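# Fold and geometry: a report
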There are 4 protein chains.
Amino acid sequence: MKESIVIVYERPELNDPIFIEGLPGIGLVGKLAADHLIKELGAKKFADLYSPHFLHQVLVKKDSTVDLMKNEFYYWKSPDEEHRDLIIITGDTQVPPTDSYGHFEVVGKMLDFVEQFGAREIITMGGFQVPELQGEPKVLGSVTHLELKEKYKDFPIFFREDEGGAIVGAAGLLLGIGKLRGMKGICLLGESLGYVVDAKAAKAVLSVVAQILGLEIDMSDLDERAKETEEILKKVQEMQKAMFEQQMPQPSTEEEDRGYL
Amino acid sequence: MKESIVIVYERPELNDPIFIEGLPGIGLVGKLAADHLIKELGAKKFADLYSPHFLHQVLVKKDSTVDLMKNEFYYWKSPDEEHRDLIIITGDTQVPPTDSYGHFEVVGKMLDFVEQFGAREIITMGGFQVPELQGEPKVLGSVTHLELKEKYKDFPIFFREDEGGAIVGAAGLLLGIGKLRGMKGICLLGESLGYVVDAKAAKAVLSVVAQILGLEIDMSDLDERAKETEEILKKVQEMQKAMFEQQMPQPSTEEEDRGYL
Amino acid sequence: MKESIVIVYERPELNDPIFIEGLPGIGLVGKLAADHLIKELGAKKFADLYSPHFLHQVLVKKDSTVDLMKNEFYYWKSPDEEHRDLIIITGDTQVPPTDSYGHFEVVGKMLDFVEQFGAREIITMGGFQVPELQGEPKVLGSVTHLELKEKYKDFPIFFREDEGGAIVGAAGLLLGIGKLRGMKGICLLGESLGYVVDAKAAKAVLSVVAQILGLEIDMSDLDERAKETEEILKKVQEMQKAMFEQQMPQPSTEEEDRGYL
Amino acid sequence: MKESIVIVYERPELNDPIFIEGLPGIGLVGKLAADHLIKELGAKKFADLYSPHFLHQVLVKKDSTVDLMKNEFYYWKSPDEEHRDLIIITGDTQVPPTDSYGHFEVVGKMLDFVEQFGAREIITMGGFQVPELQGEPKVLGSVTHLELKEKYKDFPIFFREDEGGAIVGAAGLLLGIGKLRGMKGICLLGESLGYVVDAKAAKAVLSVVAQILGLEIDMSDLDERAKETEEILKKVQEMQKAMFEQQMPQPSTEEEDRGYL
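Right, let's walk through the structure included here. Here the structure is a predicted model, which is why all the values come from computation and not from measurement.

## Section: the overall build of chain A
Helix and strand content of chain A: 6 helices and 12 strands. The buried share of chain A, reckoned over its 261 residues, is 65%. Long-range contacts, defined as pairs at least 24 residues apart, comprise 77% of the intrachain contacts of chain A with a sequence gap of at least 6. Carbon and sulfur atoms provide 48% of the accessible area of chain A, an area that totals close to 9600 Å².

Put into structure tokens, the structure is as follows:
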């Protein structure tokens, strides 16, 4: 595997779908929101993305089977004219933060794929780490084009004005690279302390997304989902810490090529 | 050398061989088991894999000759109809944990190679680090397909249920990438404290593999082999620690391009 | 996006333009100088460079819109025969210092681009970190060819004689790679403590550049620009520190593939 | 520049030349020996190797001109039938130890180049770090083929028997990759404390090389050369430490994509 691949199980006919992203990040906010949306809508999986830029490991499932780390595409076909069709991406992982190049490669592949189904609009979801929360978590918005700020001005979104702030990973790159391809999009980040799997922030973000989409989403299972996810993720995280730690062994002395003497 | 290469010394005709992996990892469990299996069966080396993703060094042998780090393929042709032909891979090294991309590239090349000989089934061996051992080391199993759990249910394997656990490196990727190619496989990890070359864990794993293969493997030399290996490996490890340590020099002050200020 | 791309908005006809570089580095000296020169001359943007070697993030602007990190090309057409046409590059970022390969790729693309407009001469600007300043910051010069030292001998430039000193990043590579392509150039570094956005050093460098170009540049706004930039950059920097810090989690214990045991 | 390039100034006709390597490493032993050999023989430079895997910087020379970091090829044509023609490589740098892939790429290019001139034999030189020296530094040897150990058995070489020891960087890879191409070679490492530019170890290594080549090399200038080199190298080293240190900033808090939570 020398570049990311998308394995496609079905080629649904979608009508101008919105592409919604929720991958692991701060407080797992985006992933929780995406997983919940998929479950509540009964969205259908139609493709998996695998990448040599993801960690070189498989994850074990409860039934003892293993799979490469992956991102998963789901679609939801609206039953009426009132709502938009959706493509939703979620997954186990993002490319590690040490591999900028890999991030660009993977996000490029995601956009190549959803463009085949006519996607021209993107909503990305995630967490925004704050040192303390005052009341309910706010949802911070940023957009690819000024017109979207106008379009979404009546929703409970705090549009960011922190010049020089950044959005790291797929939530940012999908908008940045998408914009170069003529796509439009909004990034919605829920305020989060970031230390736990943050169901509250996920609810805040998802409820804005639901309003934008004109959908009713029952949030009652979200807390429980958060708890389950937390347990699983804790294991994954420990494993990955252990792996990175191996890269920094203690000093010792030996031969030829001390690098740059 | 811009990608991994396999240098082939012989092209044996094998009948539906099982591909068995034992490369360096926790407690050197997998490598010890593979080396012992090769020795006891009198398996024959038929190919070497070299990779620009392995460390940029040669290893010195007792006779003062040097070789690039490599992985080695052995085959064993069953003398009867009762047993399966085998391809076994062992070696000095795996790709460093900092290079996920390299891991995918190398494992892809391994599978390309063994597929040429008809391999469709994989057994990977390794160690599973535990903080303390209670009694004999258990052998933990995970599989590519549920049907294999059924198939192996009468062997002394503790099938993993630790959702979110991972199998890092070739032992995991061979199953994960193999599965995408329609191959089936099982990963067998022996519990190990992980600090030493762990002959006990290797014995535990290899005895399960022997049962699966219906082979009698004499384990009496395994302890001695472990001791020899330990001495050699200690040197390799010190060397590699020294090399990684060079990547983190002390602060100093100088010119242009402080990165991202 | 698998390699750096330049998106071109206009193809001005330029006459033997000088290519001037000022990208983020020590004390932001080069970037400040380039931004100021662009503003004072009213230079016009005609292209953006995007790269998969830049950080995998978008930056937020005051109006809540986001963009990939980028480098920007401006041109200035001289209104008379007395002055040279200019191409000026500035931007949000350089390739991270961990990715030498990316630096070479991006700088190669820059040179490919400006060569299309006939550029054969380069001036790079930046900061030179010193532990303390004695009086006004000096401007240190180094050149691709000895003849340039002669040519610029009457300007207030302290030509470097610190054999083995280095110029890291685009300010150095543009000269080094440019030289291999038959281009000529000078690097001008202003002494700086390096801890702040250093308007004083930028003024020193830009005033030498203005003398070389025979231009009058009003420096009065430079201090204010420095202050604004400082605020924005502080945020960017914190973000990036946070991201790099994630690469070094605390120890933990787990499975297979401890790297190089 | 997307891969290493060799810029060739002359294409000498050489007769079965020996390829001798001395690049920066422990105690700068190899580089010192190569530089001295070049000077004493009056060997002629005929090519430079540049690489995008070298550090992204230029080095300043005493005359204020700058150049990319590079490796340099020299040749020496024997005036009689008694001695062998030589190609000698020395240079400012090797690929950083974090980039194994780059090491393989660069060494591959070196061998591609010297093969064009008929080189089939290699001598690599370097330092071997020891905690303390007992008497004069010994010269440790390792070879690609057993027959070379026999061939060189009457020279003052201590053939290594430290199974599992390694030779890192070009000194090792040239032998390892060369061997795969049917070339033969010996690596000679001088014992060194490794902390200083080690003229003593360089003398020890070079005197063995001179004996092998049947050449008289006057060593009297080597100490002085070591002192000069030390001063220059110290600067380079400080610079590089500073650059690597930038990769490890202090913690901070911010947004989306905490890596793997």
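Moving on, there is more to tell.
## As for the packing of helix α2 (residues 100-115) of chain C against helix α4 (residues 170-180) of chain C
All names here are of chain C. α4 packs onto α2 with a crossing angle of 65° between their chain directions and a minimal axis gap of 10 Å. Relative to α4, the crossing made by α2 is right-handed. Of α4, the residues touching α2 (which contributes H103, F104, V107, M110 and L111) are A170, L173, L174, I177 and G178. Its residues assigned to classes, the contact of α2 with α4 comprises 8 nonpolar, 2 polar and no charged.

## Some thoughts on α2 of chain C
Over its 16 residues, α2 of chain C runs 23 Å from end to end, which matches the ideal 22 Å to within 8%, given 1.5 Å per residue. Of all 16 residues that make up α2 of chain C, 13 are buried, and the element is covered over most of its length.

## Quick notes on the environment of I123 of chain B
Structurally, I123 of chain B can be placed in strand β8 (residues 121-129). Apart from the residues within four sequence positions on either side, I123 of chain B is in contact with I18, F19, I20, E21, I186, L188, V209, I212 and L213 of chain B.

## Examining the side chain of D67 of chain D
Considering the arrangement of structural elements, one finds D67 of chain D in strand β5 (residues 66-68). Of note is the side chain of D67 of chain D, whose polar atom sits 3.0 Å from the side chain of K179 of chain C. Within the structure, the side chain of D67 of chain D is placed 2.7 Å from the side chain of K61 of chain D, a separation counted as a polar contact. Here D67 of chain D is in contact with K179 of chain C together with V58, L59 and K61 of chain D, once residues within four sequence places are set aside.

## Things to note about the sheet that holds strand β4 (residues 57-60) of chain C
By definition, the strands of a sheet pair up through backbone hydrogen bonds, in either a parallel or an antiparallel sense. In space, the 3 strands of this open sheet follow the order β11(A)-β4(C)-β5(C), with antiparallel pairing throughout. Strands with a single pairing partner mark the edges of an open sheet, and in this sheet they are β11 (166-168) of chain A together with β5 (66-68) of chain C. On average, each strand axis in the sheet is inclined to that of its neighbour by 30°, with strand direction left out of account. Across the sheet, helix α4 (residues 170-180) of chain A lies against β11 of chain A together with β4 and β5 of chain C, angled at about 80° from β5 of chain C, the strand it touches most.

## Comments concerning the side chain of S142 of chain C
Locating S142 of chain C in the fold gives a position in strand β9 (residues 139-143). S142 of chain C has contacts with F159, R160, I167, L175, G185, I186 and C187 of chain C together with S64 and V66 of chain D, leaving out every residue within four places of it along the chain.

## As for the pairing of strand β2 (residues 18-21) of chain B
A regular strand places its side chains on the two faces of the sheet in alternate fashion. Residue and element names in this part refer to chain B. Neither face of β2 is open: one carries I18 and I20, the other F19 and E21, and all of them are buried. Direction of pairing for β2 relative to β8: parallel, over a ladder of 4 bridges. Looking across to β8, one finds that E21 is bridged to T124.

## Examining the sheet that holds strand β5 (residues 66-68) of chain A
Taken in spatial order, the 3 strands line up as β5(A)-β4(A)-β11(B) in an open sheet, and their pairing is antiparallel. The outermost strands of the open sheet, each flanked by one partner alone, are β5 of chain A together with β11 (166-168) of chain B. Across this sheet, the average inter-strand angle for adjacent strands is 30°, counted without regard to direction. Both strand β4 (residues 57-60) of chain A and β5 of chain A contribute to a ladder of 3 bridges, which runs antiparallel. Paired with V58 of chain A across the strands is L68 of chain A, a residue of β5 of chain A. Lying over the sheet, helix α4 (residues 170-180) of chain B contacts β4 and β5 of chain A together with β11 of chain B, oriented at roughly 80° with respect to β5 of chain A.

## Considerations on the packing of aromatic side chains
Enumeration over the complete set of coordinates arrives at 32 aromatic pairs over all chains. With a centroid separation of 5.5 Å and an interplanar angle of 35°, the aromatic rings of F46 of chain C and F113 of chain C are classed as tilted. Taken together, the positions of F46 of chain C in strand β3 (residues 44-50) and F113 of chain C in helix α2 put the pair 67 residues apart, joining distant regions of the chain. F46 of chain C sits in the buried class, given a relative accessible area of 0%. The exposure class of F113 of chain C is buried, given its relative accessible area of 3%. Ring centres of F73 of chain D and F113 of chain D lie 4.6 Å apart, and the angle between their planes is 55°; this geometry places the pair in the tilted category. Separated by 40 residues along the polypeptide, F73 of chain D in strand β6 (residues 71-76) and F113 of chain D in helix α2 (residues 100-115) bring together distant segments of the chain. As far as the burial class goes, F73 of chain D and F113 of chain D line up, both buried. Cluster of aromatic residues (ring-pair linked, three or more members): F19, F46, F73, Y75, F113 and F117 of chain A. Here the guanidinium or amino end of K138 of chain C rests over the ring plane of F158 of chain C, the centre of that ring lying 5.3 Å away.

Definitions and limits used
- Residues numbered from 1 in each chain as written.
- Chains lettered and ligands numbered in written order.
- Predicted model: local features only at pLDDT ≥ 70, side-chain atom pairs only at ≥ 80, totals over all residues.
- Heavy atoms only, no water.
- Helix = DSSP H or I, 4+ residues; strand = E, 2+ residues; numbered from the N terminus.
- Buried < 20%, exposed > 50% of the residue type's maximum accessible area, 1.4 Å probe, protein only.
- Contact = heavy atoms within 4.5 Å.
- Areas by Shrake-Rupley, 256 points an atom, 1.4 Å probe, with all protein chains shown as cover.
- Axes fitted to C-alpha atoms, helices over the stretch in contact; angles between N-to-C directions.
- Left-handed = near helix turned anticlockwise from the far one by under 90°.
- Nonpolar A, V, L, I, M, F, W, Y, C, P; charged D, E, K, R; others polar.
- Expected span 1.5 Å × (residues − 1).
- Polar contact = N/O pair within 3.5 Å; in protein donor to acceptor, adjacent residues only side chain to side chain.
- Pairing = 2+ DSSP bridges.
- Phe/Tyr/Trp six-rings, centres within 6.5 Å; stacked < 30°, edge-to-face > 60°.
- Lys NZ or Arg CZ within 6 Å of the ring centre and 35° of its normal.

Distances and angles like these do not, on their own, reveal function.
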